[in-house]
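If you want the building blocks of each chain, they are given just below.
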Amino acid sequence: DGGITQSPKYLFRKEGQNVTLSCEQNLNHDAMYWYRQDPGQGLRLIYYSQIVNDFQKGDIAEGYSVSREKKESFPLTVTSAQKNPTAFYLCASSRSTSGDSYEQYFGPGTRLTVT
Amino acid sequence: SQQGEEDPQALSIQEGENATMNCSYKTSINNLQWYRQNSGRGLVHLILIRSNEREKHSGRLRVTLDTSKKSSSLLITASRAADTASYFCATGANSKLTFGKGITLSVRP
């Protein structure tokens, strides 16, 4: 089955701890994205990567970090510097963009709660 | 920054009726896309319309794009209870998508 997976579905952490969210795809897509969604809100772009070993900041990158060592994987670390980390996090992938933007395939999301 | 702005914010209709949702945006785009999200799930791509297209159909979906007015509409015909979800427009430019806040559609059986 081709698709994009995120784990875990629910994640609970104490304030001050870093936490890493997993995102894996087997669609052979070059581009991958991380979004944050708050209740009643749209998606806001955190980071994106168009190719292995390269990534760019999105609109709300502060307090987050990513890596792209493999084409299939794009993990997101929520650091203790992120002021309001509790949110629903969505990972997506798409074909190589090269200036255009293609349809994105989304994972099921990870709901992070920090107390 | 959220470029797409959907209207209305919420829509409640009876099964069998048509649902029309609108999206306005501010800057130049390569394409405009519509996505659906069921509660607590990831988004599912519905349809993509390029900036040089005016109308596109996919099953019960019809999307229009007016680049002079910087607006798009999504029409779902003969709605079903299973269409109950949030719908987002997303504008594509510079290798990224920018999403609106979404429209909550409720279809009453």
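Bear in mind the structure is a predicted one, so any value in this text is a computation, not a measurement. Chains are numbered independently. Their residues run from 1 in the order of the written sequence. Written order decides the labels, with chains lettered from A and ligands numbered from 1. Owing to the predicted nature of the model, reporting of local features is limited to residues with pLDDT of at least 70; listing and counting of side-chain atom pairs is limited to 80 or more, with chain, interface and lining totals taken over all residues. For side-chain calculations, the full set of non-hydrogen atoms in the structure is used, while hydrogens and water are omitted.

A closer look at the state of the cysteines
- In this description, a disulfide is simply a cysteine sulfur pair whose atoms lie within 2.5 Å. Counting across every chain of the model gives two disulfides over all chains.
- The disulfide that involves Cys23(A) links it to Cys91(A), with 1.9 Å between the sulfurs. Between Cys23(A) and Cys91(A), the disulfide has an S-S torsion of -75 degrees and is therefore left-handed. Here the residue Cys23(A) occupies a position in strand β3 (residues 19-25), and Cys91(A) occupies one in strand β9 (residues 87-94), the gap between them amounting to 68 residues. Here Cys23(A) and Cys91(A) have matching classes, each one buried.
- Covalent S-S linkage joins Cys23(B) and Cys89(B), the inter-sulfur distance amounting to 2.0 Å. Every disulfide takes its handedness from the sign of the S-S torsion; for Cys23(B) and Cys89(B) that torsion is 65 degrees, giving right-handed. A run of DSSP states H or I qualifies as a helix once it reaches four residues; a run of E qualifies as a strand once it reaches two. Both are numbered from the N-terminal end. Categorising residues by exposure relies on relative accessible area from a 1.4 Å probe, with only protein chains included: less than 20% of the type maximum marks a residue as buried, more than 50% marks it as exposed, and the intermediate range marks it as partly exposed.

What about the interface of chain B and chain A?
- Counting residues at the interface gives 24 residues for chain B, matched by 27 residues for chain A.
- Definition of a polar contact: a pair of N or O atoms within 3.5 Å, with one able to donate and the other able to accept a hydrogen when the atoms are protein atoms, and with sequence-neighbouring residues admitted only if both atoms are side-chain atoms. Between the two partners, chain B and chain A, sit three residue pairs in polar contact (both at pLDDT 80 or more).
- For the side of chain B that touches chain A, the secondary structure elements donating two or more residues are β4 (31-37), β5 (43-50), β9 (85-93) and β10 (96-99) of chain B. Any two residues having at least one pair of non-hydrogen atoms within 4.5 Å are treated as being in contact.

Describing the sheet that holds β3(A)
All names here are of chain A.
- The sheet built from four strands is open, its strands ordered β1-β3-β8-β7 with antiparallel pairing. The two strands at the open ends of the sheet, each matched to only one other strand, are β1 (4-7) and β7 (64-66). Within the sheet, the average angular offset between the axes of one strand and its neighbour, ignoring direction, is 20 degrees. Paired strands are those between which DSSP finds at least two bridges. Only the contacting stretch of a helix is used when fitting its axis, a line to C-alpha atoms as for every element, and angles between N-to-C directions run 0 to 180 degrees.

With respect to the sheet that holds strand β3 (residues 19-24) of chain B
All names here are of chain B.
- Judged by pairing direction, the sheet is antiparallel, and its five strands sit side by side in the order β1-β3-β8-β7-β6 without closing on themselves. Every other strand in the sheet has two partners, leaving β1 (5-7) and β6 (55-58) as the edge strands with one partner each. For this sheet, the mean inter-axis angle between neighbouring strands, taken without regard to orientation, is 20 degrees.
- One ladder, built from four bridges, connects β6 with strand β7 (residues 61-66); its direction is antiparallel. Bridged to histidine 57 within β7 is arginine 62.

Points about the confidence of the model for chain A
- pLDDT gives the predictor's per-residue confidence on a scale running from 0 to 100. For chain A, per-residue confidence averages 93 on the pLDDT scale, and residues scoring 70 or more make up 95% of the total.
- Mean pLDDT values for the elements of chain A range from 94 in strand β2 (residues 10-13) of chain A up to 98 in β7(A).

Thoughts on the nonpolar core
- Here, nonpolar core means buried Ala, Val, Leu, Ile, Met, Phe, Trp, Tyr and Cys residues that are tied together by side-chain atoms lying within 4.5 Å of each other. Met21(B), Leu32(B), Trp34(B), Leu74(B), Ile76(B), Tyr87(B) and Leu105(B) are the most contacted members of the largest nonpolar core, which has 23 residues in total.
- Those elements that place two or more of their residues in this core are β2 (10-14), β3, β4, β5, β7, β8 (71-76), β9 and β11 (103-108) of chain B.
- Ignoring anything within four residues of it in the chain, the contact list for Tyr87(B) reads Glu6(B), Met21(B), Tyr35(B), Arg36(B), Leu46(B), Leu74(B), Ile76(B), Gly102(B), Ile103(B) and Leu105(B).
- If you look at the next biggest cluster of nonpolar residues, it comprises 21 residues, including Ile4(A), Phe74(A), Leu76(A) and Ala87(A).

With respect to the confidence of the model for chain B
- Chain-level statistics for chain B give a pLDDT mean of 93 and a share of 97% at 70 or above.
- Here β1(B) is the element of chain B with the lowest mean pLDDT, 84, and β7(B) is the one with the highest, 98.

Details of the environment of Thr110(A)
Residue and element names in this part refer to chain A.
- If you trace the backbone, threonine 110 turns up in strand β11 (residues 110-114).
- Excluding residues that lie within four positions of it along the chain, threonine 110 makes contacts with Gln6, Ser7, Pro8, Lys9, Leu11, Leu21, Ala87, Phe88 and Tyr89.
- A polar contact of 2.6 Å, which involves the side chain of threonine 110, links it to the backbone oxygen of proline 8.

Overview of the environment of Ala78(B)
- Topologically, Ala78(B) is positioned in the loop between β8 and β9.
- Between the C-alpha atoms of Ala78(B) and Asp66(B), which are 12 residues apart in sequence, the distance is 24 Å.

Regarding the pattern of salt bridges
- Throughout this description, the term salt bridge denotes a Lys or Arg side-chain nitrogen within 4 Å of a carboxyl oxygen of Asp or Glu. Summed over all chains, the structure comprises five salt bridges over all chains.
- A salt bridge links Arg44(A) to Asp38(A); the shortest N-O distance between them is 2.8 Å.
- Arg44(A) gets classed as partly exposed once you look at its relative accessible area, which sits at 33%.
- Classification of Asp38(A) as buried rests on a relative accessible area of 15%.
- For Arg62(B), the salt bridge is made with Glu55(B), and the minimal N-O distance between the two is 3.1 Å.
- For Glu55(B), a relative accessible area of 41% corresponds to the partly exposed category.
- Through salt bridges with shared partners, a single ionic network connects Arg36(A), Asp38(A) and Arg44(A).

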